[in-house]
Amino acid sequence: MKFLALLLAAALVTPAAAQAAEPPKSFPKTLVEIYRIVPGQHEAFLRYVAKLDAVNAEAGLPPRQLYVHSDGEGWDFMLIQPAETPKDKQAALDKAWEKAGLPSGADFFFEFRQFIADHSDTFAKGPITAADFLATSKAK
């Protein structure tokens, strides 16, 4: 019985120890967007984001992670998504974008901004663990 408990403990510890021994070479780059929406445009904004997510799905990309404000600071929606499109998915995304009839360039800017009163964009590394990030430090 003791042997089984030690074996189980070793199995649980080994993956974490292996991760700490070999820090990741890079972390995913993520875009965090926080929006305050023009009054009366909340549903239209979400319908537009849903359309963008459908285009992502057609191109084999994940949907944005959506967070809806419930209490506290004065924002309405937060979106979290990869900051970069994988090179092997770009052509599929372009094709799906065109098929959906979505505008590009300045036209996309003008169309999308009709919903937005205020927003912020932040680029971050993650998702990652604290241990993985610390493992990249030279001041161990």
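In case you missed it, the structure is sitting above this.
I will try to describe carefully the structure that is included in this document.

What counts as what
- Residues numbered from 1 in each chain as written.
- Predicted model: local features only at pLDDT ≥ 70, side-chain atom pairs only at ≥ 80, totals over all residues.
- Heavy atoms only, no water.
- Helix = DSSP H or I, 4+ residues; strand = E, 2+ residues; numbered from the N terminus.
- Buried < 20%, exposed > 50% of the residue type's maximum accessible area, 1.4 Å probe, protein only.
- Contact = heavy atoms within 4.5 Å.
- Axes fitted to C-alpha atoms, helices over the stretch in contact; angles between N-to-C directions.
- Parallel < 35°, antiparallel > 145°, perpendicular 65-115°, else oblique.
- Nonpolar A, V, L, I, M, F, W, Y, C, P; charged D, E, K, R; others polar.
- Salt bridge = Lys/Arg side-chain N within 4 Å of Asp/Glu carboxyl O.

Quick word on the overall build of the chain
Okay, so step 1: The helix and strand tally for the chain stands at 5 helices and 4 strands.
Okay, so step 2: Overall, the chain shows an N-to-C arrangement of helices and strands of α-β-α-β-β-α-α-β-α.
Okay, so step 3: Taking all 140 residues of the chain together, 24% fall into the buried category.
Okay, so step 4: Partitioning the contacts of the chain with sequence separation of at least 6, the portion at a separation of at least 24 is 77%.

Examining unusual backbone geometry
Okay, so step 1: In this model, Gly-126 is joined to Pro-127 through a cis peptide bond whose omega is 10°.
Okay, so step 2: Relative to the elements of secondary structure, Pro-127 occurs in the loop between β4 (116-125) and α5 (130-134).

Some thoughts on the packing of helix α2 (residues 42-58) against helix α4 (residues 105-113)
Okay, so step 1: Taken N-terminus to C-terminus, the directions of α2 and α4 make an angle of 140°; their axes are 10 Å apart at the nearest point. Classified by the angle between their axes, α2 and α4 sit oblique to one another. Contact residues: Phe-45, Tyr-48 and Leu-52 in α2; Phe-108, Glu-111 and Phe-112 in α4.
Okay, so step 2: Taken together, the residues of the contact of α2 with α4 sort by class into 5 nonpolar, no polar and 1 charged.

Let's talk about the pattern of salt bridges
Okay, so step 1: Counted by the stated rule, this structure contains 3 salt bridges.
Okay, so step 2: With a shortest N-O distance of 2.6 Å, Arg-47 and Glu-43 are connected by a salt bridge. You can see Arg-47 and its partner Glu-43 sitting in helix α2, 4 residues apart, about one turn around the helix. Here the two residues Arg-47 and Glu-43 agree in accessibility, since each one is exposed.
Okay, so step 3: We note a salt bridge from Lys-99 to Glu-58, for which the minimum N-O separation is 3.2 Å. Of this pair, Lys-99 sits in helix α3 (residues 90-99) while Glu-58 sits in helix α2, placing them 41 residues apart in sequence.
Okay, so step 4: Residue Glu-58 is classed as partly exposed on the basis of its relative accessible area of 47%.

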